[in-house]
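The lines below spell out each chain.
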Amino acid sequence: MTTLKPAKGRLLVAEPSIIGDVSFNRSVVLLAEYNDNKGTVGFILNKPLGYTLKDFVPEVNSDLPVYNGGPVEQDNLYFIHTIPELIPGSIEISNGIYWGGDFNTITKLLVNDTLNETQIRFFLGYSGWATEQLEQELKVNSWVVAPNVYENKIIGKLNEDFWKEKMLEFGGDYMLWSNAPENPSYN
């Protein structure tokens, strides 16, 4: 498998060796920001919380799912999307995926039932790494950096089995982990 460097828009796939890590076990993270001097920000893509947006923003009455974005600032709502032309203030991550923007505009779009889960994804919290922290985790094989081959379609594609799909895609020894129980003591 080719060893990629982390970069905005790439994926971090948790190595099976980080079993027991409550936040990142079996996670696939989209890197939204990567900077050698300022640190790294990403969002866990495959961990729905069992809540919908209306649980946090009742005025929108939206059934869009909310995901666990990571362990940092879990009292804040974040979002990625594919519609910068509708949401002012959006920042491009890469390949037509955008982060943030004007939330009042999003509220109006949701009230008008204009947005769907192929266009926008909401998260409580985010994943963050201080300068050099991610590099240290890569050196101890906590993560595999993978390309985002789905580009902006990744927002609507993902599900809870995404980590398993990546293990099967990586092949070799990773295939063994794809069917292992999440808790090894269940084996």
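Residues numbered from 1 in each chain as written. Predicted model: local features only at pLDDT ≥ 70, side-chain atom pairs only at ≥ 80, totals over all residues. Heavy atoms only, no water.

Re the pattern of salt bridges
When the charged atoms of two side chains lie near each other, side chains of opposite charge can form a pair. Our working rule: Salt bridges are counted wherever a side-chain nitrogen of Lys or Arg sits within 4 Å of a carboxyl oxygen of Asp or Glu. Whether a residue is buried, partly exposed or exposed follows from its accessible area with a 1.4 Å probe, protein chains only, as a fraction of its type maximum: under 20%, in between, or over 50%, in that order. Secondary structure elements are defined from DSSP: runs of H or I of at least 4 residues count as helices, runs of E of at least 2 residues count as strands, and each element is numbered from the N terminus.
Scanning all chains against the criterion turns up two salt bridges. Among the ionic pairs, Asp63 bridges to Lys54, the shortest N-O distance being 2.8 Å. Relative accessible area serves as the criterion here: at 53%, Asp63 is assigned to the exposed category. Judged by relative accessible area, Lys54 falls into the partly exposed class, the value being 31%. Across the salt bridge formed by Lys166 and Glu169, the nearest N and O atoms sit 2.9 Å from each other. Here Lys166 and its partner Glu169 are both found in helix H4 (residues 162–170), three residues apart, which amounts to about one turn of the helix. The class for Lys166 is buried, based on a relative accessible area of 1%.

With respect to the packing of aromatic side chains
Just so we agree on the cut-off: Any two rings among Phe, Tyr and Trp, with Trp reduced to its six-membered ring, count as a pair given centres within 6.5 Å; such a pair is stacked if its planes are under 30 degrees apart, edge-to-face if over 60, and tilted if neither. Only when the NZ atom of a Lys or the CZ atom of an Arg is both within 6 Å of the ring centre and within 35 degrees of the ring normal do we say a charge sits over the ring.
Applying the stated criterion across every chain, the model contains 13 aromatic pairs. On the basis of an interplanar angle of 20 degrees and a centroid distance of 5.8 Å, the ring pair of Phe24 and Trp129 is categorised as stacked. Of this pair, Phe24 sits in the loop between strand S1 (11–14) and strand S2 (28–35) while Trp129 sits in strand S9 (residues 120–129); the two residues are 105 residues apart in sequence, bridging distant segments of the chain. An angle of 75 degrees between the planes, with centres 5.7 Å apart, marks the rings of Phe43 and Trp99 as edge-to-face. Of the two residues, Phe43 is situated in strand S3 (residues 39–44) and Trp99 in strand S8 (residues 97–99); the sequence distance between them amounts to 56 residues. Members of the aromatic cluster, each reached through a chain of ring pairs, are Phe43, Tyr67, Tyr78, Trp99, Phe123 and Tyr126. In this structure, Arg121 is placed above the aromatic ring of Tyr67, and the distance from its NZ or CZ to the ring centre is 4.0 Å.

Interpretation note: all reported values are geometric properties and have no functional meaning in isolation.
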